[in-house]
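Summary of structural features
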Amino acid sequence: MSRTGDTGRAGGSGPAGDPPKRRSRRLVGGLRTRLVVTFVVVALISAVTATALAYRDARTAVLRRTQDAAVNDVRTRVTAVAADFDLPPDQRSLARFAAKVSEGLGARIVVARYQDLVAVSDPLADTDGRITVALRTAVRAGDGTRFQRVMWRDEPYLVVGMPVTYADGDRRFSGLEVFAITDLRAERDDTAALLDSVRAGILPVVVLAAVLALLAAGTVLRPVRKLGRATRELAEGDLGSRVAVSGHDELADLARTFNDTADALQASDTRLREQEAKARRFVADVSHELRTPLAAMTMVATVLEEDADQLPPDAARAARTVGAETARLSRLVEDLMEISRFDANAIRLNAAETDLADTVRASLALRGWTERVEVRLDEGVRAVVDRRRVDVIVANLVGNALRHGAPPVTVTLGTRTRTRTTTAVAGAARTTRATRTTPSADVAVAGGEWVTVEVADRGPGLPPEARERVFDRFYKADAARTRSAADTGGQGSGLGTAIALENARLHGGTIDVAEGPEGGAVFTLWLPLRRTGEDAE
């Protein structure tokens, strides 16, 4: 048997429950998920809080109404019955008194006490567990009507106790005590039904909150998605991408800022393109205008070189120097014009099936390098290429090796299957297969056969920082690669490797540079092995 309760004066309120403990959880996911979860959590907390407050207030109101009614009924009934009751009572009269009081209270259990006598309106009822010592003590003190809510055998009861006083002026305590026991199970069921009804309303509230969160998230995220799409388009090169601005909120300000930024970027890009186009036209025009005077200068320098043996030593040396520098200037002008054509996308391949071994030998023989270069050529290697442009590539790579490297200079022609991007390795584990260390775009190398022309020398090689820039225009790695004593052709223009790489790209190929296994630099030309009838990419 267990008893719980709280003693108080008539009209007192019931106990309030402890607030529930909440456990914080980390929210993950996108912005939409976080918004929906936040809305749902706030709605759930609000619904639970409102439910708890409604239950507490409803329970308090029901119990207060019941206890006030019970106290008034007991006080009125006892006052009426006690008027005809004689003191001191015996057991029988005390029992009749309890029964009369109970009849007027709707058959509630009534306990009457007078000193050692105890009478119960229902002789079979167990009242000891429902009338607590604290309540009896409070009633015996004679300080008005008292009540107490108790749990007996897991059922709620309201016990009202009051002392009976004399009707004279001093209203002395007569020694008679009356206790009425009221069943509160009906009130408990009513408050439980109310709680169930409120709980049933939580789910619709949460669902409604989720729907509202989705609508709100869509309203907020739609401009964000449009802004993200415009940003990606801008990053991909579409400088005309803009975002429609609607409203005057923070997202509208962000869209306007993005559009202003895109406008400024597009204007800057337009200016840069115009300046670049002007620079290209300037280079092309200057190169073109220089060709006529250079042709005359070359003719004069040639005549002077032919008659140099008949001139005094100083004049002969000057004539030969003028001839060499005039020839170098002519090559520079031709290279500038070639680069201008590449920049203007005015280059077209004149491709035909070509024997590459014959092309390499002819390129070396044309420049008188046959005796200075060791060749290892696989015979019968044929591919669809522009013979003149392959000749330019070979001439530039071999010329660099002769000018800046050291003998022996080796040219190797063969075919390979290239299934992955090769990697340059420095240090102890060296290899001739290397990643293309150039600023150009990567070339697809997945599968298929490739023609390779490898030019190697035994010079000091190229340090890593020079290999990173060797294909830049006008870049010269003179500090790393000394000029060969046998070379009398003068310094290059600084455009040779850049022109060679552009010609390789025209064929769908590329050029690698690495450090050779025995030192020196190794340049490898990669060309797709296409033959007549195959589609070129």
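Residues numbered from 1 in each chain as written. Predicted model: local features only at pLDDT ≥ 70, side-chain atom pairs only at ≥ 80, totals over all residues. Heavy atoms only, no water.

Now for the overall build of the chain. On a plain count of helices and strands, the chain comes out with 11 helices and 13 strands. Taken across its 537 residues, the chain has 38% of its residues classed as buried. Nonlocal contacts in the chain, meaning residues at least 24 apart in sequence, comprise 69% of its contacts between residues at least 6 apart. Split by element, the accessible area of the chain, about 30500 Å² in all, is 54% carbon and sulfur. (Helix = DSSP H or I, 4+ residues; strand = E, 2+ residues; numbered from the N terminus. Buried < 20%, exposed > 50% of the residue type's maximum accessible area, 1.4 Å probe, protein only. Contact = heavy atoms within 4.5 Å. Areas by Shrake-Rupley, 256 points an atom, 1.4 Å probe, with all protein chains shown as cover.)

A rise of 1.5 Å per residue sets the reference length of helix 5 (residues 202-235), with its 34 residues, at 50 Å; its end C-alpha atoms lie 47 Å apart and thus fit the reference within 8%. The principal kink in helix 5, of about 35°, is found at Leu221, preceding the proline Pro223 by one to four residues. Every buried residue of helix 5 is accounted for by Ile202, Val206, Ala209, Ala213, Ala217, Gly218, Leu221, Leu227, Ala230 and Leu234. (Expected span 1.5 Å × (residues − 1). Bend = angle between axes of the 7 residues up to and from the residue.)

Moving on, we get to the packing of aromatic side chains. Evaluation of the coordinates by the stated rule reveals four aromatic pairs. Their ring planes at 75° and their centres at 6.5 Å tell us that Trp450 and Trp526 sit as a pair that is edge-to-face. Of the two residues, Trp450 sits in strand 11 (residues 449-456) while Trp526 sits in strand 13 (residues 521-528), which places them 76 residues apart along the sequence. Side by side, Trp450 and Trp526 carry an identical accessibility label, which is buried. Consider the rings of Phe471 and Phe523, whose centres lie 6.2 Å apart with planes at 80°: the pair is edge-to-face. Here Phe471, found in the loop between helix 10 (464-469) and helix 11 (496-506), pairs with Phe523, found in strand 13; they are 52 residues apart in sequence, far enough to count as distant. One exposure class covers both Phe471 and Phe523, and it is buried. (Phe/Tyr/Trp six-rings, centres within 6.5 Å; stacked < 30°, edge-to-face > 60°.)

A few words now on the nonpolar core. Counting residues in hydrophobic clusters, the biggest one holds 37 residues, and the most contacted among them are Val373, Val398, Leu413, Val451, Ile511 and Phe523. Ranked by the residues each element gives to this core, the list is headed by helix 9 (residues 387-404), at seven residues. For Leu413, the residues in contact, after removing those within four places along its chain, are Leu356, Ala357, Arg376, Leu377, Asp378, Val381, Val451, Thr452 and Val453. Counting 26 residues, the second largest nonpolar core, distinct from the first, contains Ala70, Leu94, Leu176 and Leu184. (Core = buried A, V, L, I, M, F, W, Y, C linked by side-chain atoms within 4.5 Å.)

A surface patch of nonpolar side chains, amounting to about 650 Å² of accessible area, comprises Phe39, Leu203, Val207, Leu208, Val211, Leu212 and Leu215. Per-element accounting of the nonpolar patch gives the leading share, six residues, to helix 5. With respect to the helices and strands, the residue Leu208 is situated in helix 5. (Patch = residues over 30% accessible without salt bridge, like charges linked within 9 Å, V, L, I, M, F, W, Y side chains within 5 Å. Salt bridge = Lys/Arg side-chain N within 4 Å of Asp/Glu carboxyl O.)

This part covers the confidence of the model for the chain. Of the residues in the chain, 83% reach a pLDDT of 70 or more, and the chain-wide mean stands at 77. Segment residues 1-28 is flagged for pLDDT under 50; beyond a separation of four residues in sequence, or across chains, it makes 54 contacts in the model. Low pLDDT (under 50) marks residues 420-446, which in the prediction has 65 contacts with non-local residues, meaning those over four places away or in another chain. (pLDDT = per-residue confidence, 0-100.)

Right, let's get into the packing of helix 4 (residues 185-200) against helix 5. Where helix 4 meets helix 5, the closest approach of the two axes is 4 Å, and the angle between their N-to-C directions is 20°. The angle between helix 4 and helix 5 falls in the class roughly parallel. Contacts between helix 4 and helix 5 involve Val198, Arg199 and Ala200 from the first element and Ile202, Leu203 and Pro204 from the second. Across the contact of helix 4 with helix 5, the residue classes tally to five nonpolar, no polar and one charged. (Axes fitted to C-alpha atoms, helices over the stretch in contact; angles between N-to-C directions. Parallel < 35°, antiparallel > 145°, perpendicular 65-115°, else oblique. Nonpolar A, V, L, I, M, F, W, Y, C, P; charged D, E, K, R; others polar.)

The next subject is the side chain of Arg389. Mapped onto the elements, Arg389 comes out in helix 9. Note on Arg389: relative accessible area 5%, which makes it buried. Discounting chain neighbours no more than four positions away, the residues touching Arg389 are Glu338, Phe342, Ile347, Arg348, Leu349, Asn503, Leu506 and His507.

For the rest of this paragraph, the subject is unusual backbone geometry. Omega for the bond connecting Pro407 with Pro408 falls within 30 degrees of zero, at 0°, which places this linkage in the cis form. Residue Arg153 is not a glycine yet carries a positive backbone phi of 50°. By secondary structure assignment, the location of Arg153 is in the loop between strand 4 (146-152) and strand 5 (155-165).

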